[in-house]
Amino acid sequence: MKILVLKRDKIGDLLLTTPLFAQLKSAMPAAELHLLANDYNAWVAHGNPHVDRLWVYRRVRHGGRVSFGAAWDWLWQRRALRRERFDWVIVANGDESPRAIRRALQLQAVRIVARCADASKYPGLTDPLPPDAASHEIERLLALLSPLGIPVPGKGDIPFPNYALPSASATFARSWLAARGLEPNKYVVLGLGARRPKKQPSTEQVLAWSAHIKKRWGLDTVFMWTPGKSGDPLYPGDDDIARPVVEAAARGLAPQIQPHRGPIAEALGLVWSARTSLFPDSGLMHFAAASPGGVLGFFAETDVSPAPAQWAPRGERAAWLEAKKSVSELADEQVYAQLERLLSP
């Protein structure tokens, strides 16, 4: 049996799809599992032990622009995918994704699974599933396997997201840490990186939390953020928000803080060597949940923003806190109580 999973979302979303790969292979070990991902998120699946073949397509629309070259490439790639004669195509989205469904329908598989509110909009969609706004994204994705006869496992048996850290990321982390006199497992990562500013910890919180972590556990803090300006149309950065913390560290006012500004491959290397990490709701939060040290995630204003019921971090060492309006409202004691659980032996 040949099965294709189609995933067109961001990096954190693809990471949350890895339990689906594991569950499918566990139930159908002889099945040939292919993944079709885009040129932005496909690297997340490199080295995944459950994916037999990875297909990468170029995004036709990106940053408000249309790439005619990518559209032409898709025509050739579509022909190659059709020749595979897939038995199943699974549109791996917890919510309805019209673009992904239309792309899946072009592949002429025997059966196509996707979530949608009105199946009549997608002629040829053989196995529509209704939207599910209540469940966690991982469970919503696992439920897409039900037409194949694979039930969602019990709560204690659901696989955690899995990521294979590249050796280059680990090598960078060792070099970067050594240059600053830091050792693996002797620091925490405290990061920004949420699209909504209200999910970000304030400058005062970053300074206070890192000072407490140093005093209580003797751990330094690697402070990281998304590079770039907040007005970047492709992906907003956090340079402006991070500046006060970086300046405090440079003036010797926060000697426990070591700033890091760089690409995600470097950031993940540092996360994987950390004792634990603290991140607002973001792709990096989910990666940190999959790392050995785990994560404390932050959510806020969930009436208009993703809530932990659907997007909480999942992992062996994953915890989260939710603020009503802004992470800046969280009391330090709330954070320290969670860190006590994550950092104590």
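Details of the structure are given in the entry above.
Computed from a prediction, not measured in an experiment: that's the story for all the values here.

1. Observations regarding the sheet that holds strand 2 (residues 32–38)
- Read across the open sheet, the six strands follow the order 3-2-1-6-7-8; overall the sheet is parallel. Only two strands of the sheet have a single neighbouring strand rather than two, namely strand 3 (53–57) and strand 8 (127–129). Shown here is a sheet whose adjacent strand axes are inclined to one another by a mean of 15°, direction ignored.
- Bridge count between strand 6 (residues 88–91) and strand 7 (residues 111–115): three bridges; the pairing is parallel. Across the sheet, Val89 pairs through a bridge with Ile112, a residue of strand 7.
- Against the sheet, helix 2 (residues 18–27) contacts strand 1 (2–7), strand 2 and strand 6, and its axis sits at roughly 165° relative to strand 2.

2. Focus on the packing of helix 9 (residues 264–272) against helix 10 (residues 283–290)
- Close contact between helix 9 and helix 10 brings their axes to 10 Å; oriented N to C, the two are set at 35°. The hand of the helix 9/helix 10 crossing is right-handed. Mapping the contact onto sequence places Ile264, Leu268, Val271 and Trp272 in helix 9 and Leu284, Phe287, Ala288 and Ala290 in helix 10.
- Taken together, the residues of the contact of helix 9 with helix 10 break down into eight nonpolar, no polar and no charged.

3. A closer look at the environment of Leu296
- Positionally, Leu296 belongs in strand 13 (residues 295–300).
- Considering only alpha carbons, one finds Leu296 and Leu16, 280 residues apart in sequence, at a separation of 17 Å.
- Not counting residues within four places of it along the chain, the set of residues in contact with Leu296 comprises Ser277, Leu278, Phe279, Ala319, Trp320, Leu321, Val335, Gln338, Leu339 and Leu342.

Cut-offs used in this document
- Residues numbered from 1 in each chain as written.
- Predicted model: local features only at pLDDT ≥ 70, side-chain atom pairs only at ≥ 80, totals over all residues.
- Heavy atoms only, no water.
- Pairing = 2+ DSSP bridges.
- Helix = DSSP H or I, 4+ residues; strand = E, 2+ residues; numbered from the N terminus.
- Axes fitted to C-alpha atoms, helices over the stretch in contact; angles between N-to-C directions.
- Contact = heavy atoms within 4.5 Å.
- Left-handed = near helix turned anticlockwise from the far one by under 90°.
- Nonpolar A, V, L, I, M, F, W, Y, C, P; charged D, E, K, R; others polar.

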